[in-house]
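A structural walkthrough
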Amino acid sequence: MAANAASHVDQGSLAAIFNSSVDPNTAVSQPTLQCVQVKPLVGQQGAPERFRVVFSDINNFVQSMLATQANHVVHDGKLRKGCFVKLKSYQANQVKGKRIIIVLDLDVLQELGECDKIGEPKALEFKAEDDTKPQSTTIATNGFYGNKPAQQQNQQQSLPSRTNATSSASHATIYPIEALSPYAHKWTIKARCTSKPPIRTWHNKNGEGKLFSVNLLDESGEIKATGFNDQCDALFDVFQEGQVYYITSPCRVNMAKKQFSNVNNDYELSFERDTLVEKAEEQNGVPQVRFNFTNIADLQTVEKDTTIDTIGVLKEVGETSQIISKTTSKPYDKRDLTLVDNTGYSVKLTIWGDTAQKFDVMPESVVAFKGLKVSDFGGRSLSLLMSGSMTIDPDIDEAHKLKGWYDAQGKNDTFMSHQGMSSVGAAGGRNEATKSIMQVKEENLGMSENTDYFTTKATIIYVKQDNVSYPACLSEGCNKKVLEVEPGQWRCERCDKAHPKPEYRYIMSINVSDYTGQLWLSCFDDVGRMIMGMSADQLMELKENDEKAAGDAFQEANCKTFMFKCRAKMDSFQDQQRVRYQVSGANALNYSSECTKLTQMIKEYSMT
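Just so you know, these numbers come straight off a predicted model, no measurement behind them.

**Some words on the overall build of the chain**
Scanning the chain for helices and strands turns up 12 helices and 31 strands. Burial analysis of the chain (608 residues in total) assigns 46% to the buried set.

**Looking at helix α7 (residues 397-408)**
Taking 1.5 Å as the rise per residue, α7 with 12 residues should run 16 Å; its terminal C-alpha atoms sit 17 Å apart, in good agreement. Those residues of α7 lying buried are Ala-399, Leu-402, Trp-405 and Tyr-406. All buried residues of α7 project into a common sector of 130 degrees when viewed along the axis, lining one side. Opposite the buried face of α7, at more than 90 degrees from it, the exposed residues are Asp-397, Lys-401 and Ala-408.

**Description of the packing of aromatic side chains**
The final tally for this structure, using the stated rule, is 11 aromatic pairs. Considering the side-chain rings of Phe-291 and Phe-293, the 4.8 Å spacing of their centres and the 15 degrees angle between planes classify their relative orientation as stacked. Looking at Phe-293, the relative accessible area reads 23%, which means it is partly exposed. Look at Phe-562 and Phe-564: their rings are 5.6 Å apart centre to centre, the planes differ by 55 degrees, and that puts the pair in the tilted class. Of the aromatic side chains, those joined through ring pairs into one cluster are Phe-212, Phe-236, Phe-239, Tyr-245 and Phe-271.

**Describing the state of the cysteines**
Counted under the stated rule, the structure contains 0 disulfides. Cysteine Cys-83 shares no disulfide, and the gap to the nearest cysteine sulfur, in Cys-35, comes to 4.7 Å. For Cys-83, a relative accessible area of 2% gives the class buried.

**Quick notes on the pattern of salt bridges**
Within the structure shown, the criterion is met by 15 salt bridges. The salt bridge involving Asp-496 is made with Arg-491; its shortest N-O contact spans 2.3 Å. Residue Asp-496 is classed as partly exposed on the basis of its relative accessible area, which comes to 22%. With its nearest N and O atoms 3.0 Å apart, the salt bridge here joins Arg-529 to Asp-525. Linking Arg-529 with Asp-525, this pair stays in helix α9 (residues 525-532), spanning 4 residues, or about one helical turn.

**Some words on a nonpolar patch on the surface**
Side chains of Ile-461, Tyr-462 and Trp-520 sit close together on the surface and give an oily, nonpolar patch of about 310 Å² of accessible area. Relative to the helices and strands, Trp-520 resides in strand β29 (residues 517-523).

**Considering the packing of helix α10 (residues 536-545) against helix α11 (residues 547-557)**
For the pair α10 and α11, interaxial distance at closest approach is 6 Å and the crossing angle is 135 degrees. Between α10 and α11, the interaxial angle falls into the category oblique. Across the interface between the two elements, Leu-539, Leu-542, Lys-543 and Asn-545 of α10 pack against Glu-547, Ala-549, Ala-550, Ala-553 and Phe-554 of α11.

**Describing a positive patch on the surface**
Together, Lys-39, Arg-52, Lys-81 and Lys-117 make up a positively charged patch on the protein surface. Residue classification places Lys-117 among the partly exposed positions, given a relative accessible area of 47%.

**Let's talk about the confidence of the model for the chain**
Across the chain, the average pLDDT comes to 80, with 82% of residues at 70 or higher. Taken together, the stretch residues 20-26 has pLDDT below 50 and engages in 6 contacts with residues farther than four places along the chain or on a different chain. Low confidence marks residues 420-431, where pLDDT is under 50. Its contacts with residues over four positions away, or in another chain, come to 29 contacts.

**Some remarks on the pairing of strand β23 (residues 469-472)**
Both faces of β23 are covered, namely the face carrying Ser-469 and Pro-471 and the face carrying Tyr-470 and Ala-472. With 4 bridges connecting them, β23 and strand β27 (residues 503-506) associate as antiparallel partners. The residue of β27 that forms the bridge with Tyr-470 is Arg-505.

Cut-offs and rules
Residues numbered from 1 in each chain as written. Predicted model: local features only at pLDDT ≥ 70, side-chain atom pairs only at ≥ 80, totals over all residues. Heavy atoms only, no water. Helix = DSSP H or I, 4+ residues; strand = E, 2+ residues; numbered from the N terminus. Buried < 20%, exposed > 50% of the residue type's maximum accessible area, 1.4 Å probe, protein only. Expected span 1.5 Å × (residues − 1). Arc of directions from axis to C-beta. Phe/Tyr/Trp six-rings, centres within 6.5 Å; stacked < 30°, edge-to-face > 60°. Disulfide = S-S within 2.5 Å. Salt bridge = Lys/Arg side-chain N within 4 Å of Asp/Glu carboxyl O. Patch = residues over 30% accessible without salt bridge, like charges linked within 9 Å, V, L, I, M, F, W, Y side chains within 5 Å. Areas by Shrake-Rupley, 256 points an atom, 1.4 Å probe, with all protein chains shown as cover. Axes fitted to C-alpha atoms, helices over the stretch in contact; angles between N-to-C directions. Parallel < 35°, antiparallel > 145°, perpendicular 65-115°, else oblique. Contact = heavy atoms within 4.5 Å. Lys, Arg positive; Asp, Glu negative; His and termini not counted. Charge placed at Lys NZ, Arg CZ, Asp CG, Glu CD. pLDDT = per-residue confidence, 0-100. Pairing = 2+ DSSP bridges.

Encoded structure:
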């Protein structure tokens, strides 16, 4: 077995990857290697999970790190010590004087099996003079952007100013965005600016300021970058959507604030005074946009307020209308679109402001949207965020398939919608199986990667009184938490607005019971109103003015029985995995229907 597997390993490929004198056309672009070690990296709390892997080509071995997008091969139990892999996409870098490969994508060759380490591979070494030469960076598969001829590597070039265009010859080592972390120093990324919303301002008790943000994309991933105050003045006009730039540290890498971003990355960048931003002469070799599409049918499995991308055929285009904000009395332009796809579902999608006014796309066009917020209004609906974007008839496989389907049959199809899916007390919607609490636990609902749905009949035995609600923004469709910056000033960072008071909304934890066991459920505002019989605003007023009356209200909520529609999903809490049971809807018992069910059950127990 070992001899057969050894014949498939590309011996000497590791040295070729790091040897700048090797012709990229003759080097192995997707080498087959043996994995001789897999270990998790211990990082700071809240950092994404990372794995260190050691690969061998029989002659040499090299330290490697899996990009988070490739972690699934470890979780699935495929990447193990002794197995063989093909590196499909990777980045070769020099970090603190050491050679390291960042693996973006790989295939585990399970047909080759597993065996002990083949041969006696040695650590990859370089001559002393090689250490003074900048190492080229190669991403396998789609070309060598960031790579350069060997003769250019010996040229000493000074860095150009911010406004000058520069070539990749000035930047020998290009980091992939996926490899950025708070531990990385002295890096340069080459990325395309895919989004640049307008400058925003803020005002709070500590002062005022302004900021702007851009989304940056390369082959390995996407990241958000933000500039504040002086950096906003210096860099806002430098960035243009669609252009490719070199960004060179110093530039802070922070944990991402997911509530303010539609980018799928655990980190984000913050420009500093000496951050260097240079427009690249070569505008090719970097992706135009990266989508992670959710089809319209699967929206029923996506939680409210999640940010997604989707693609579909534009079925209907509504007229521009205005809504008046209840808090600011300002008008907002909006336009409703209807999108369909080949799953047989349709969805309403709302665009806002200038985008709504200037929208001039013909029906039956294929449109790809990036940065859509999922709402449960009307079952499921979508809203284009200010930082979002849309691409008309994009030249991608998904668009071509949709266009072919629609022209062949889709234009004559009838489409379903998600109406009634999550409205409290409404008939219809998802038909989840009714289960007892014991069945929910014994069937391990929520323990898989997918979200599980169920309905259970249970009685409330305890309502947790701490943190039963939160102060929410009054802006329509926002509902984000606001902070009291000074008396009578509640500020929403997302909307960049201050309100004289908040609207309290329920985030309630309840313990429910049936004849088989007990379960903790998480409830939101609509269900909380049903349970308490009052709004969260009214309850907070009671707690402030009459604690006894508030306590009585919690007592009255006990012993109420509901049919709870729930979803079970794995969640992380204080570095521990646990299943979270979230209520999406609740109905009071229909006693006539319950009696019919019980009668039928009794009949099934026929006595002879």
